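# Observations on the three-dimensional arrangement
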Amino acid sequence: MLAFYLSLIDSPEARTKFENIYYSYRSVMFHSANQVLHNAHDAEDIVADSFLAVINILDAIDSTDEDKARNLMITISKNRALNFLKKKKRAVLIEEEIEMPQECDHPSPAIDNLELADALSKLIRQLPSEQQDVLRLQYYYDYSYQQISQLIGKREATIRQMSLRAKKKLRQMLEEREIQHG
Amino acid sequence: MDKYISERLMKAACISAFRTEDLSIGLPAEKHTFSKKFQRKMKRVIRKADQTAASYIPMVRWKAVLIMVLAVLLSISITVMAVEPLREGFFRMIRSVFSDHTELSFEAESSISNTKEGFQIFQFGYIPKEFHVVDEQNLSEVDFYSISYSDDSEHSFEIIQLLPQDANLNIGSKDNKYEEFVINDMNAYYNEDQVNNNLVLYNDEYVITISGNIPKEELINIAKSAKL
């Protein structure tokens, strides 16, 4: 099977890089998908789809940091598994056409210090798993909405909404925290 | 209080939140052996992906190649047909290549003309024994001469002589034997149909046909004996 993946990659360096990623993380990707789906067959399909997605943005993947690369591959396969599960259960996800906030419109009191960054990081871990994943891919891995869309198989607009919702939620959580702490 | 969270702060917070995490915690540690069914499915998936990605490009290439080939063929055709020596060579090649399979139309060109003054009739030094003249037409006003011979066994042959510009001879070689050679410095075509054996001699001045239900060798012997 690896040969088929490799046939899609042009340069020898990219092939080596993909080969490393494939052999290193395919099992953990399978287990993360299987943990969501509880179905080995479906989980294998998710792994295959994930690798096809990875090929598209192979240049943008940093495979030198093993922990970071492993977490990325797990994030991809887990999110793809969640997407698959939602479709399988025919769960109709009504994506609310929320008004896109202007991210830099009126930057009233910016929170820009390390103390708040630390507080914010703790709040991030309290967000729903899928929102955490989008923030992880967006800010930790520095992927664009388009790249995230390719990786986890959601529409770009959906990714954008999830990111904005997560930040809106974080703002609310920060406000509540300030009220609690005076 | 409406708080704005800058991109810089979000990045710092996310690095802090995700830097030390290990998402593999809680996942089974053993290696998974992927099924053959899965591998077969992957072949189909990747093949389909390949075809989808590649299907458009070959169409574009096909069209480009087709247009280029047509353009080259058109250029060659124009060149060949415009230059007389090339044109003649081309027709000779066609006759040679397709001689056994095509209906060859031999039509003398109007540019070929009788260069000698007057219509001179060929004399044939050899006529097979027991053949005698049964008909002769000398239409010198229209540059046409014919003579027919027959024997007592229903064998006959006819010799026709005319000018190239008046000749329009179709030699059917589709299902019949066809040969090309030279006799007495004249080009010669030989073919056989269901009724007759036919020999056509021609040069720039005359076209002579000798045809009848007599053997090929006799036709050639008659042709070889032709003299002005």
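See the structure printed just above.
Residues numbered from 1 in each chain as written. Chains lettered and ligands numbered in written order. Predicted model: local features only at pLDDT ≥ 70, side-chain atom pairs only at ≥ 80, totals over all residues. Heavy atoms only, no water.

## Examining the pattern of salt bridges
Residue and element names in this part refer to chain A. The condition that has to hold: We define a salt bridge as a contact between a side-chain nitrogen of Lys or Arg and a carboxyl oxygen of Asp or Glu at a distance within 4 Å. Only DSSP runs of H or I with at least four residues qualify as helices, and only runs of E with at least two residues qualify as strands; both kinds are numbered from the N terminus onward. Working definition: with a 1.4 Å probe on protein chains only, accessible area under 20% of the residue-type maximum means buried, over 50% means exposed, and in between means partly exposed.
Summed over the entire model, instances satisfying the criterion amount to 13 salt bridges over all chains. The closest approach of N and O atoms between D133 and R136, which form a salt bridge, is 2.3 Å. Of this pair, D133 and R136 are both found in helix α6 (residues 129-140), three residues apart, which corresponds to roughly one turn of the helix. With relative accessibility at 2%, the residue D133 sits in the buried group. Taking the relative accessible area as the measure of exposure, R136 reaches 2% and is therefore buried.

## Here we look at the packing of helix α5 (residues 114-124) of chain A against helix α1 (residues 7-18) of chain B
Selection rule: Convention adopted: a line fitted to C-alpha atoms gives each axis, helices being fitted over their contacting stretch, and angles between N-to-C directions are expressed from 0 to 180 degrees. These descriptions rest on fixed angle ranges, namely under 35 degrees for roughly parallel, over 145 for roughly antiparallel, 65 to 115 for roughly perpendicular, and the rest for oblique. Definitions for this section: a left-handed crossing has its near helix turned counterclockwise from the far helix by less than a right angle. A right-handed crossing has that turn clockwise. Whether two residues touch is decided by their heavy atoms; if any such pair falls within 4.5 Å, the residues are in contact. Only Asp, Glu, Lys and Arg are considered charged in this grouping, and only Ala, Val, Leu, Ile, Met, Phe, Trp, Tyr, Cys and Pro are considered nonpolar; every other residue, Gly among them, is considered polar.
Orientation of α5 of chain A relative to α1 of chain B, taken along the N-to-C sense of each, is 60°, at an axis distance of 8 Å. In terms of axis orientation, α5 of chain A runs oblique to α1 of chain B. Read as a crossing pair, α5 of chain A and α1 of chain B show a hand that is right-handed. Contact residues: α5 of chain A offers L116, A117, D118, L120, S121 and I124 of chain A, while α1 of chain B offers L9, M10, A12, A13, C14, S16, A17 and F18 of chain B. Each residue belonging to the contact of α5 of chain A with α1 of chain B can be placed in one class, and the counts come to eleven nonpolar, two polar and one charged.

## Focus: the environment of I159 of chain B
All names here are of chain B. As for its position among the elements, I159 is in strand β5 (residues 156-162). What makes I159 buried here is its relative accessible area of 1%. Along the sequence, I159 and Y149 sit ten residues apart, while their C-alpha atoms lie 8.5 Å from each other.

## Things to note about the packing of helix α4 (residues 66-88) of chain A against α6 of chain A
Residues and elements named next belong to chain A. Put simply, α4 and α6 touch, their axes get as near as 11 Å, and they point 140° apart. Comparing their axes, α6 and α4 come out oblique. Seen from above, α4 lies across α6 with left-handed handedness. Facing α4, whose interface residues are K68, L72, T75, K78, N79, L82 and K86, α6 presents S129, E130, D133, R136, L137 and Y140.

## Things to note about the pairing of strand β10 (residues 207-212) of chain B
Residues and elements named next belong to chain B. Filter applied, for reference: When DSSP finds at least two bridges between two strands, those strands are taken to pair.
Burial analysis of β10 places six of its six residues in the buried class, the great majority of the element. Here β10 shows a buried face lined by V207, T209 and S211 and a second buried face lined by I208, I210 and G212. In terms of strand pairing, β5 meets β10 through six bridges, oriented antiparallel. Residue pairing for β10: F157 is matched across the bridge by G212. Direction of pairing for strand β9 (residues 197-202) relative to β10: antiparallel, over a ladder of six bridges. Bridging from a neighbouring strand, N198 pairs with S211 of β10.

## Some remarks on the packing of aromatic side chains
Note the threshold: Ring pairs shown here join Phe, Tyr and Trp side chains whose ring centres sit within 6.5 Å, with only the six-membered ring taken for Trp; geometry is labelled stacked below 30 degrees between planes, edge-to-face above 60, and tilted in between. Consider the ring centre and the ring normal. A charge sits over the ring if Lys NZ or Arg CZ is within 6 Å of that centre and within 35 degrees of that normal.
Tallied over the full model, the rule gives 14 aromatic pairs over all chains. Here the aromatic rings of Y22 of chain A and Y23 of chain A are separated by 5.4 Å at their centres, their planes lie at 75°, and the arrangement is edge-to-face. Since its relative accessible area comes to 2%, Y22 of chain A is described here as buried. Judged by its relative accessible area of 41%, Y23 of chain A is partly exposed. Put simply, the rings of F18, Y22, Y23 and F51 of chain A pair up and form one aromatic cluster. Seen from the ring of F18 of chain B, R136 of chain A lies directly overhead, with NZ or CZ sitting 4.5 Å from the centre. The lysine or arginine in question, K216 of chain B, covers the ring of Y190 of chain B, its NZ or CZ lying 5.3 Å from the ring centre.

## Remarks on the sheet that holds β9 of chain B
All names here are of chain B. The strand order across the open sheet built from seven strands is β3-β4-β5-β10-β9-β8-β7, with neighbouring strands paired in antiparallel fashion. Of all the strands in the sheet, the pair left with one neighbour each is β3 (132-139) and β7 (178-183). Averaged over all neighbouring strand pairs, the angle between strand axes comes to 15°, with direction disregarded. Where β7 lies against strand β8 (residues 186-192), six bridges are found, and the strand directions are antiparallel. Considered in β8, the bridge of V182 is made with N187. Along the sheet face, helix α5 (residues 216-224) touches β5, β7, β8, β9 and β10 and points at about 25° away from the line of β9.

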